[in-house]
Amino acid sequence: MEPVRMVLCLLSVFISLVSDRLVVLASFSQATDSDFTFSLPAGRKECFYQTMKKEASLEIEYQVLDGAGLDVDFSISSPSGQLLFSDQRKSDGVHTVETHEDGDYVFCFDNTFSSISEKLVFFELILDNMDQEEDPDNWKEHIIGTDSLDMKLEDIMDTINNVKSRLGKSMQIQTLLRAFEARDRNLQESNFDRVNFWSVVNLFVMMVVSAVQVYLVRSLFEDKRKIRT
């Protein structure tokens with residue numbers, strides 16, 4: 001029974017060490033991202049608010065997916081009202097804000113320059129360094145007995161963070177590709193409708209011209225002289 005007890009003890013120690021490491025890994029701050037698509041009516045301005053902490057990072061990317069001109073005005077303001085970025089009648093853009101104060105950051109999409117065209121707008125937000133309550137190096141204090149295991153925790157952390165950042169970048173690229181695809185599809189459908197409309201107009205004009213030509217040719221061969229009997 002002694003060997004069995006020793007094996008069980010070693011197993012319990014190993015599980016406790018691994019669980020501590022999993023808790024440490026889960027406590028690390030992670031970047032969060034979200035995306036949103038909305039309709040911006042003609043002559044309207046829509047604003048969104050994002051609460052940020054000091055010394056954090058906010059990245060926003062937007063695209064106009066549908067609407068005449070595929071353009072919109074865009075601006076970002078700090079909680080104190082300072083204008084950070086401004087775009088005039090652009091179809092897409094990317095901006096990164098390093099926050100220097102706590103509060104609500106405002107980003108607005110403006111379609112007041114258009115009186116008849118509604119716009120379909122997509123944007124994506126990526127928030128980083130939002131969790132700063134703990135020092136990133138505090139995890140080392142929770143590690144006990146690492147010499148007894150042949151594990152390099154720092155290498156594992158670097159690998160996990162590397163994989164996580166690449167997965168996040170892949171998801172971001174896929175989201176942007178879907179947005180590009182939606183915009184191209186809307187543009188193609190608009191062009192298709194225009195081609196069909198002008199094709200019908202050209203066909204109607206050709207039929208009218210053909211009828212006029214037939215009438216004129218026939219009129220040339222008609223004998224309009226009166227026959228006396």
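Residues numbered from 1 in each chain as written. Predicted model: local features only at pLDDT ≥ 70, side-chain atom pairs only at ≥ 80, totals over all residues. Heavy atoms only, no water.

Quick notes on the overall build of the chain
Alright, step 1. From N to C terminus, the chain includes two helices and eight strands.
Alright, step 2. Secondary structure elements in the chain, listed N-terminal to C-terminal, are α-β-β-β-β-β-β-β-β-α.
Alright, step 3. Contacts spanning at least 24 positions in sequence make up 78% of the contacts within the chain whose residues lie at least 6 apart.
Alright, step 4. For the chain, the exposed surface amounts to about 16500 Å²; the carbon and sulfur share of it is 57%. (Helix = DSSP H or I, 4+ residues; strand = E, 2+ residues; numbered from the N terminus. Contact = heavy atoms within 4.5 Å. Areas by Shrake-Rupley, 256 points an atom, 1.4 Å probe, with all protein chains shown as cover.)

Observations regarding the packing of aromatic side chains
Two measures describe an aromatic ring pair: the distance that separates the ring centres and the angle between the ring planes.
Alright, step 1. In the structure shown here, the tally under the stated rule is 16 aromatic pairs.
Alright, step 2. Members of the aromatic cluster, connected to one another through ring pairs, are Phe 36, Phe 38, Phe 48, Tyr 62, Phe 74, Phe 107, Phe 109 and Phe 123. (Phe/Tyr/Trp six-rings, centres within 6.5 Å; stacked < 30°, edge-to-face > 60°.)

Quick look at the pattern of salt bridges
Alright, step 1. A full pass over the atoms with the stated rule returns four salt bridges.
Alright, step 2. Residues Asp 71 and Lys 119 are paired through a salt bridge, measuring 3.1 Å at the closest nitrogen-oxygen approach. Here the residue Asp 71 occupies a position in the loop between β3 (57-66) and β4 (72-77), and Lys 119 occupies one in strand β8 (residues 119-128), the gap between them amounting to 48 residues.
Alright, step 3. A salt bridge links Arg 185 to Glu 189, with the shortest nitrogen-to-oxygen separation between them at 3.2 Å. Highlighted residues: Arg 185 and Glu 189, both in helix α2 (residues 153-221), separated by four residues, approximately one helical turn.
Alright, step 4. What makes Arg 185 exposed here is its relative accessible area of 55%.
Alright, step 5. Overlapping salt bridges bring together Asp 71, Arg 89 and Lys 119 as one network. (Salt bridge = Lys/Arg side-chain N within 4 Å of Asp/Glu carboxyl O. Buried < 20%, exposed > 50% of the residue type's maximum accessible area, 1.4 Å probe, protein only.)

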